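Now for the letters of each chain:
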Amino acid sequence: MEANTSLISKTAEMIKILGLSTYEAQAFAALVYHGVANADTIADTAGIPRTSAYKIMESLVKRGFAKETDGRPRMYKPEDMNKIKNEYIDNINKLFDELKELQDLLPSKGEPQLIYTIYGRSKVMAKIAEMIDLSDKEIYISTPRIRDIRTELKKNIENAIKRGVHIIFVTPPNKRVPPNTEVHRKEGLIATDIASDGTRALLSGPDLDACGYTDNPALALHVYQFINMMINNEAFKL
């Protein structure tokens, strides 16, 4: 039976909300369509390069979306859907429980919950530049838009490094980062999250055209912990 490529593509787009890369989402949708298949069949159905198919399938296995069989050729099948669903529901519930605790904690400590909303790409980039310029010790930048930041804020980054600021990037594989910076590779990044010196934080959407900014240390700490969770926890799926 010929694969319904339009349905698979549509499903793959929805699957990306789970944090999978484009190729991972396409491969998983194709795997669900077949039920069981080898990497070459998945590649042909999903329209992804055969040379990348095994790596993509291994990533899906590692992230809990697929299971592999012994023997040759190696075959793959989807993980139980209820198991995947329940793990994501648990992770989301934990995240919102932590956010609720944070929301309840700040008023009791008498600290203002100040988050500024900034609209317009040029203004968002200017705020990121300001955060880099104000950094004294370290700044974490988790973003899929590394090219924009690397090229447009080159001078700000270079000056920060000269001041001795430790710059840590979290960005997808095969993306160039500025020299003399630390880098951690993560697939499936959507938003841009930045934490500076434990006192300032910024969260922006995929297109860097709007963001939330805070200089509240408690809120900034939460963003810092979130970024470090991505760096240190390979099973982190949010």
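Residues numbered from 1 in each chain as written. Predicted model: local features only at pLDDT ≥ 70, side-chain atom pairs only at ≥ 80, totals over all residues. Heavy atoms only, no water.

**Side note on unusual backbone geometry**
Thinking step 1. Even without being a glycine, Asn180 presents a positive backbone phi close to 65°.
Thinking step 2. Mapped onto the elements of the fold, Asn180 is located in the loop between strand E6 (166-171) and strand E7 (182-185). (Helix = DSSP H or I, 4+ residues; strand = E, 2+ residues; numbered from the N terminus.)

**Topic: the side chain of Thr214**
Thinking step 1. Within the secondary structure, Thr214 is located in strand E10 (residues 210-214).
Thinking step 2. At 3.0 Å, the side chain of Thr214 forms a polar contact with the backbone nitrogen of Asn216.
Thinking step 3. When neighbours within four sequence positions are excluded, Thr214 is seen to be in contact with Leu114, Ile115, Thr199, Arg200, Ala201, Leu219 and Ala220. (Polar contact = N/O pair within 3.5 Å; in protein donor to acceptor, adjacent residues only side chain to side chain. Contact = heavy atoms within 4.5 Å.)

**Description of the packing of helix H6 (residues 121-134) against helix H8 (residues 154-162)**
Thinking step 1. Put simply, H6 and H8 touch, their axes get as near as 9 Å, and they point 15° apart. With respect to their mutual orientation, H6 and H8 come out roughly parallel. Where H6 crosses over H8, the handedness of that crossing is left-handed. Only Asn156, Ile157 and Ala160 of H8 make contact with H6, whose side of the interface consists of Ala129, Ile132 and Asp133.
Thinking step 2. For the contact of H6 with H8, a count of residues per class yields four nonpolar, one polar and one charged. (Axes fitted to C-alpha atoms, helices over the stretch in contact; angles between N-to-C directions. Parallel < 35°, antiparallel > 145°, perpendicular 65-115°, else oblique. Left-handed = near helix turned anticlockwise from the far one by under 90°. Nonpolar A, V, L, I, M, F, W, Y, C, P; charged D, E, K, R; others polar.)

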